[in-house]
Amino acid sequence: MRDFHEPVLSAEVIGYLQPKPGGRFIDCTLGGAGHTENLLQRVVPGGQVLGIDLDPIAIEAATKATAPYKKNVIFVKDNFKNINKIAHVWKFTKIDGVLLDLGLSSGQLQDQKRGFSFLAEGTLDMRFGAQSGITARDILNEFSQSELIDIFKNYGEERLAGPISKKIIEVRMTRPFTSPSQLVEIVSEIYHQFYRGKSKTNPATKIFQALRIAVNDEMNNLKTVLPAAVSILAKGGRLAVISYHSLEDRTVKDFFRTESRDCLCPPQTPVCVCGHKKSLRVITKKPVVPTNQEIIINPRARSAKLRVAEKI
């Protein structure tokens with residue numbers, strides 16, 4: 001049995017990427033290697049999949065999971081924002097497809113030492129790779145109130161960013177933040193002051209999301225990898241992205257929309273001066289979402305959205 005999660009929207013990913021024997025793909029977010037294994041099953045013989053992940057634990061698990069395909073798979077421990085450099089080092093240019101599944105694997109969520117989940121009892125780390133500098137603990141204990149508000153608003157779209165940030169500052173003056181449960185307790189307390197009804201999700205969900213995004217610079221990494229991924233695709237190659245919150249989905253949607261248009265000049269400009277040429281054809285006019293059956297089997301899939309575009 002696989003140690004980590006079965007991949008979200010696996011059938012849909014295969015349907016849109018259309019892997020065939022001899023095909024070459026990059027899985028930018030290796031995780032438990034579920035998507036990688038699905039691709040490998042369809043590109044052998046002769047094909048290859050290159051998997052990228054910052055997490056050494058994910059690399060180790062993926063190596064075991066894909067052992068039957070060891071001649072057809074390459075693993076690189078790096079940040080996917082460096083896809084262009086990685087692709088050229090391993091001669092993975094003009095490839096058939098690139099996949100980004102931006103969700104956390106079950107292994108990461110269950111790792112008590114890293115504090116990704118509000119159910120965890122480990123440290124407030126949240127780094128994908130140990131080489132990353134700042135931790136969630138650093139942010140909570142050292143950032144100013146205004147900086148905390150910006151993170152919670154911009155990356156978590158949290159309406160109570162102000163009072164939560166204020167409470168964090170008050171609490172840390174006497175007791176530094178060290179564990180996820182401390183943060184959950186404070187966020188829950190603030191939520192109960194403003195809302196009487198029971199929330200469908202844990203009140204701390206958006207705060208944990210915001211901290212994880214800030215720690216790993218996820219939005220900037222996503223904005224960097226999208227054009228780089230397109231640059232290494234062959235004509236007709238496809239880029240598939242699974243996002244899990246509105247910030248990611250909006251970024252992908254805007255990028256696809258921009259790159260599927262020729263001129264980007266304002267409407268009032270009589271003649272194009274930008275010189276922009278479209279590089280993509282959007283395949284999914286609306287995001288593809290999981291079926292009810294998949295959500296029942298894997299509740300974490302409920303917020304997933306898949307968007308796919310093809311290089312022209």
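Scroll up a little and you will see the structure.
Attention here is on the structure that accompanies the text. The shown structure was predicted, so the numbers you read here are calculated from the model rather than taken from an experiment. (Residues numbered from 1 in each chain as written. Predicted model: local features only at pLDDT ≥ 70, side-chain atom pairs only at ≥ 80, totals over all residues. Heavy atoms only, no water.)

## Quick notes on the packing of aromatic side chains
Point 1. Inspection of every chain in the model, using the stated rule, returns 1 aromatic pair.
Point 2. Both rings, one in Phe-255 and one in Phe-256, keep their centres 6.2 Å apart while their planes meet at 50°; by these two values the pair is tilted. Phe-256 carries the same exposure label as Phe-255, and that label is buried.
Point 3. Over the ring of Phe-92 we find Arg-24, and its NZ or CZ is 4.2 Å from the ring centre. (Phe/Tyr/Trp six-rings, centres within 6.5 Å; stacked < 30°, edge-to-face > 60°. Buried < 20%, exposed > 50% of the residue type's maximum accessible area, 1.4 Å probe, protein only. Lys NZ or Arg CZ within 6 Å of the ring centre and 35° of its normal.)

## Observations concerning the sheet that holds strand β2 (residues 48–53)
Point 1. Reading across the sheet, the 7 strands line up as β3-β2-β1-β4-β5-β7-β6 and stay open at both edges, with mixed pairing between neighbours. The open sheet has two edge strands with one neighbour each: β3 (73–77) and β6 (280–282). For this sheet, the mean angle separating the axes of adjacent strands, direction not counted, is 20°.
Point 2. For strand β5 (residues 233–243) and strand β7 (residues 305–311), the ladder comprises 6 bridges, and the chain directions are antiparallel. Its bridge partner being in β7, Ala-240 is matched across the sheet by Val-308. (Pairing = 2+ DSSP bridges. Helix = DSSP H or I, 4+ residues; strand = E, 2+ residues; numbered from the N terminus. Axes fitted to C-alpha atoms, helices over the stretch in contact; angles between N-to-C directions.)

## As for the packing of helix α7 (residues 145–156) against helix α10 (residues 205–216)
Point 1. Interhelical geometry of α7 versus α10 gives an angle of 100° and a closest axis separation of 8 Å. What the angle tells us is that α7 and α10 run roughly perpendicular. Contacts between α7 and α10 pair Ile-151, Phe-152, Tyr-155 and Gly-156 from the former with Lys-206, Ile-207, Gln-209, Ala-210, Leu-211, Ile-213 and Ala-214 from the latter.
Point 2. Of the residues in the contact of α7 with α10, the class split is 8 nonpolar, 2 polar and 1 charged. (Parallel < 35°, antiparallel > 145°, perpendicular 65-115°, else oblique. Contact = heavy atoms within 4.5 Å. Nonpolar A, V, L, I, M, F, W, Y, C, P; charged D, E, K, R; others polar.)

## Here's the deal with the nonpolar core
Point 1. Grouped together as the largest cluster of nonpolar side chains are 34 residues, with contacts concentrated most on Ile-26, Ile-83, Val-98, Leu-100, Leu-226, Leu-239 and Phe-256.
Point 2. When contributions to this core are tallied by element, the ones reaching two or more residues are β2, β3, α4 (83–89), β4 (95–101), α11 (218–231), β5, α12 (246–259) and β6.
Point 3. Tallying contributions element by element places α11 first for this core, with 7 residues.
Point 4. Look past the residues within four positions of Ile-83 in its chain and what remains in contact with it is Ile-26, Cys-28, Ile-52, Val-98, Val-225, Ala-228, Ala-229 and Ile-232.
Point 5. Within the second largest apolar cluster, 28 residues are counted, among which are Leu-148, Ile-164, Tyr-191 and Ile-207. (Core = buried A, V, L, I, M, F, W, Y, C linked by side-chain atoms within 4.5 Å.)

## Some remarks on the environment of Leu-102
Point 1. Its place among the elements puts Leu-102 in the loop between β4 and α5 (106–110).
Point 2. By relative accessible area, Leu-102 is classed as buried at 12%.
Point 3. Once residues lying within four places of it in the same chain are set aside, the contact partners of Leu-102 are Thr-29, Phe-80, Leu-222, Val-241, Ile-242, Ser-243, Tyr-244 and Glu-248.

## Remarks on the pairing of β2
Point 1. Most of β2 sits inside the fold, with 5 of its 6 residues counted as buried.
Point 2. Across 4 bridges, the pairing between strand β1 (residues 24–27) and β2 is parallel. Bridge pairing links Phe-25 to Val-49 in β2.
Point 3. Read from β1 through helix α2 (residues 34–43) to β2, the crossover connection turns out right-handed.
Point 4. What joins β2 to β3 is helix α3 (residues 56–65), and the crossover it makes is right-handed. (Right-handed = clockwise from strand over helix to strand, strands pointing away.)

## Describing the pattern of salt bridges
Point 1. Tallied over the entire structure, the rule returns 10 salt bridges.
Point 2. Among the ionic pairs, Glu-189 bridges to Lys-167, the shortest N-O distance being 3.4 Å. On the criterion of sequence distance, the pair formed by Glu-189 in helix α9 (residues 180–194) and Lys-167 in helix α8 (residues 161–172) is long-range, its members being 22 residues apart.
Point 3. By relative accessible area, which is 33% here, Glu-189 ends up partly exposed.
Point 4. With its nearest N and O atoms 2.9 Å apart, the salt bridge here joins Arg-238 to Glu-310. Within this pair, whereas Arg-238 is found in strand β5, its partner Glu-310 is found in strand β7, the two being separated by 72 residues in sequence.
Point 5. Exposure remark for Arg-238: the relative accessible area of 10% places this residue in the buried category.
Point 6. Classification of Glu-310 as buried rests on a relative accessible area of 15%.
Point 7. Ionic contacts of the salt-bridge type, sharing partners, join the residues Arg-238, Arg-281 and Glu-310 into one network. (Salt bridge = Lys/Arg side-chain N within 4 Å of Asp/Glu carboxyl O.)

## Side note on α8
Point 1. Between the first and last C-alpha of α8 there are 16 Å, a value that for 12 residues agrees with the 16 Å anticipated at 1.5 Å per step.
Point 2. Buried residues along α8 sit in contact with α6 (136–142), α7, α9 and α10. (Expected span 1.5 Å × (residues − 1).)

## Some thoughts on the side chain of Ser-165
Point 1. Tracing the backbone shows Ser-165 in helix α8.
Point 2. Ser-165 gets classed as buried once you look at its relative accessible area, which sits at 0%.

## Some words on the environment of Phe-194
Point 1. Turning to its location among the elements, Phe-194 is positioned in helix α9.
Point 2. Residues Phe-194 and Pro-163 lie 31 residues apart in sequence; the distance between their C-alpha atoms is 10.0 Å.

## Details of the state of the cysteines
Point 1. Counted according to the given criterion, the structure contains 0 disulfides.
Point 2. There is no disulfide at Cys-274, and the cysteine sulfur nearest it, in Cys-272, is 3.7 Å away. (Disulfide = S-S within 2.5 Å.)

These figures come from the coordinates and say nothing about function on their own.
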